[in-house]
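Structural description and commentary
The chain contents come next:
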Amino acid sequence: DAGITQSPRHKVTETGTPVTLRCHQTENHRYMYWYRQDPGHGLRLIHYSYGVKDTDKGEVSDGYSVSRSKTEDFLLTLESATSSQTSVYFCAISEGRGARETQYFGPGTRLLVL
Amino acid sequence: DAKTTQPNSMESNEEEPVHLPCNHSTISGTDYIHWYRQLPSQGPEYVIHGLTSNVNNRMASLAIAEDRKSSTLILHRATLRDAAVYYCILVSGSARQLTFGSGTQLTVLP
């Protein structure tokens, strides 16, 4: 158990509203990640963070922003939710270095944008 | 990015060994072979990883071909709880993300 929690676990929202998802870790890991998982696409990286206030874009970052003001929390914000952002969102932390790095995932947040 | 090829699905009987294959003919010399699995309605779970030598841990064994162009994840005694999608992923030193393919859906029959 890597001590990762995500909140909320489920959310239904309307198109155009802002949404913030929270990822919380208890073990002081430096790297944190946000992925989305959709049928037919597998998991795709949205953004990641390599320290407090240090973030970078992933493969599918358009329409998303992130913030990390504390080591333990990594927030994902949809500024104006669209139906195409309906997905399951997973947060992850990593241990190890380079190609030996392994990632540990949270339980996921199911988001439905109507 | 080097790609992997896995069968879409496999079946196994409970309490029997399972061998999940993965082909990665374009693997580079520094790529590690990682395996993750995803149980229904859960996040992916790290299983095992290796570079050249076979590896064992409490969850599984990883057998890597001598030319590294293929590998096999071995579950020594499948249980119903092992039913999941298994992903074989190549990880390079500079990678910042895991590239998940479609994986192998393992069904364990009682």
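What you see is a predicted model; the values in this text were computed from it and never measured. The residue numbers shown here count from 1 along each chain, following its written sequence. Working convention: letters from A go to chains and numbers from 1 go to ligands, in the order in which they are written. Local features in this predicted model are restricted to residues whose pLDDT is 70 or higher, and side-chain atom pairs enter the listing and the counts only when it is 80 or higher, whereas totals over whole chains, interfaces and linings include all residues. As a rule here, side-chain values come from all non-hydrogen atoms in the structure, and water together with hydrogens is ignored.

This part takes up the overall build of chain A. What chain A contains, in helices and strands, is 0 helices and 11 strands. Strands here mean DSSP runs of E at least two residues long; helices mean DSSP runs of H or I at least four residues long; both are numbered from the N terminus. Reading chain A from its N terminus to its C terminus gives the helix and strand order β-β-β-β-β-β-β-β-β-β-β. Computed over the C-alpha atoms, the radius of gyration of chain A is 13 Å, within 12% of the 13 Å expected from 2.2 N^0.38 for a compact globule of 114 residues. Based on the C-alpha atoms only, the size of chain A along its principal axes is roughly 40 × 30 × 25 Å. Per-residue burial over chain A gives 51% buried out of 114 residues. Contacts were defined at the residue level, with two residues in contact if any of their heavy atoms lie within 4.5 Å. Contacts spanning at least 24 positions in sequence make up 54% of the contacts within chain A whose residues lie at least 6 apart. His is not counted, nor are the chain ends, whereas Lys and Arg count as positive and Asp and Glu as negative. Where a charge lies is defined by one atom per residue type, namely NZ (Lys), CZ (Arg), CG (Asp) and CD (Glu). Looking at charge distribution, chain A has the averaged site of its 13 positive side-chain charges lying 1 Å from that of its 13 negative ones. Our radius of gyration looks at C-alpha atoms and nothing else; its globule reference is 2.2 Å times the residue count to the power 0.38. Here's how the labels work: a residue is buried when its accessible area is under 20% of the maximum for its type, exposed when over 50%, partly exposed in between, all with a 1.4 Å probe on protein chains only.

Here we take up the pairing of strand S8 (residues 73-78) of chain A. Residues and elements named next belong to chain A. Extensive coverage of S8 is indicated by the burial of 5 of its 6 residues. By definition, two strands form a pair when at least two bridges between them are found by DSSP. Looking at chain direction, strand S3 (residues 19-25) and S8 are connected through 6 bridges and run antiparallel. Bridge assignment links His24 to a residue of S8, and that residue is Asp73. Hairpin remark: strand S7 (residues 64-70) followed by S8, antiparallel, with 2 residues in the connecting loop.

Right, let's get into the pattern of salt bridges. Salt bridge, as applied in this entry: a Lys or Arg side-chain nitrogen positioned within 4 Å of an Asp or Glu carboxyl oxygen. Under the defined criterion, the tally for this structure stands at 7 salt bridges over all chains. When the shortest N-O distance is used, the salt bridge between Arg44 of chain A and Asp38 of chain A registers 3.0 Å. A relative accessible area of 16% places Arg44 of chain A in the buried class. A salt bridge links Arg37 of chain B to Glu45 of chain B, with the shortest nitrogen-to-oxygen separation between them at 2.8 Å. A single salt-bridge network, built from bridges that share partners, covers Arg22, Lys70 and Asp73 of chain A.

Residue and element names in this part refer to chain A. Within the secondary structure, Gly58 sits in the loop between strand S6 (54-57) and S7. Taking the C-alpha atoms as reference points, Gly58 and Trp34, 24 residues apart in sequence, are found 8.8 Å from one another. Excluding its chain neighbours within four sequence positions, the residues that come into contact with Gly58 are Leu45, Ile46 and His47.

Right, let's get into the environment of Glu95 of chain A. All names here are of chain A. Relative to the helices and strands, Glu95 resides in strand S9 (residues 87-95). Glu95 sits 66 residues away from His29 along the chain, and the two C-alpha atoms are 7.4 Å apart. Excluding residues that lie within four positions of it along the chain, Glu95 makes contacts with Glu27, His29, Arg100, Glu101, Thr102 and Tyr104.

With that settled, the discussion passes to unusual backbone geometry. For the bond from Ser7 of chain A to Pro8 of chain A, the omega torsion is -10°, close enough to zero to count as cis. Within the secondary structure layout, Pro8 of chain A lies in the loop between strand S1 (4-7) and strand S2 (10-13). Even without being glycine, Lys53 of chain A reaches a positive phi, approximately 65°. Inspection of the secondary structure puts Lys53 of chain A in the loop between strand S5 (42-51) and S6. Positive phi is not limited to glycine here, since Arg68 of chain B has a value of about 65°. With respect to the helices and strands, Arg68 of chain B occurs in the loop between strand S6 (61-64) and strand S7 (70-75). The class of Arg68 of chain B is buried, set by a relative accessible area of 8%.

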